[in-house]
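If you want the building blocks of each chain, they are given just below.
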Amino acid sequence: QVQLVESGGGLVQAGGSLRLSCAASGSIFSINAMGWYRKAPGKQRVLVAAITSGGTTNYAYSVKGRFTISRDNAKNTVHLQMNSLKPEDTDVYYCNADLWTVRTTSDDYWGQGTQVTVSS
């Protein structure tokens, strides 16, 4: 019904950059917010960055000043520009969308995850 398609992950050296993108498609009535989470093996999934449809942003402390989240509401797409990458940024990154498929119910949807690996 709703699908999140991610792209942009990969392998990069420390200090390099990557740009993640996520497009939501399907039976979407309205999107409240979209964002990115990451999860290392054996650890909880945590917020990296999120943005509302109105442009309000929220970042994890560890990425402030290095990552920038942006959105294209017309395309139901969110981007995460990751600069000055560090080995500790290595994780599986998951796209998230909080959206309405009907007028009375909102739900969270998740992408399949994309691997980001930063070598020293």
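Structure report, in brief. (Residues numbered from 1 in each chain as written. Predicted model: local features only at pLDDT ≥ 70, side-chain atom pairs only at ≥ 80, totals over all residues. Heavy atoms only, no water.)

With respect to the nonpolar core
Here is step 1 of the chain: Within the largest apolar cluster, 29 residues are counted, with the highest numbers of intra-cluster contacts made by W36, L80 and M82.
Here is step 2 of the chain: Only β1 (2–7), β3 (18–26), β4 (30–39), β5 (46–52), β7 (67–72), β8 (77–82), β9 (91–102) and β11 (114–119) provide two or more residues apiece to this core.
Here is step 3 of the chain: With near-sequence residues (within four places) excluded, L80 lies in contact with L18, R19, L20, W36, V48, A49, F67, T68 and I69. (Core = buried A, V, L, I, M, F, W, Y, C linked by side-chain atoms within 4.5 Å. Buried < 20%, exposed > 50% of the residue type's maximum accessible area, 1.4 Å probe, protein only. Helix = DSSP H or I, 4+ residues; strand = E, 2+ residues; numbered from the N terminus. Contact = heavy atoms within 4.5 Å.)

Here we look at the side chain of T114
Here is step 1 of the chain: Residue placement: T114 occurs in strand β11.
Here is step 2 of the chain: Residue class for T114 comes out buried when judged on its relative accessible area of 13%.
Here is step 3 of the chain: Excluding residues that lie within four positions of it along the chain, T114 makes contacts with E6, G9, L20, W36, D91, V92 and Y93.

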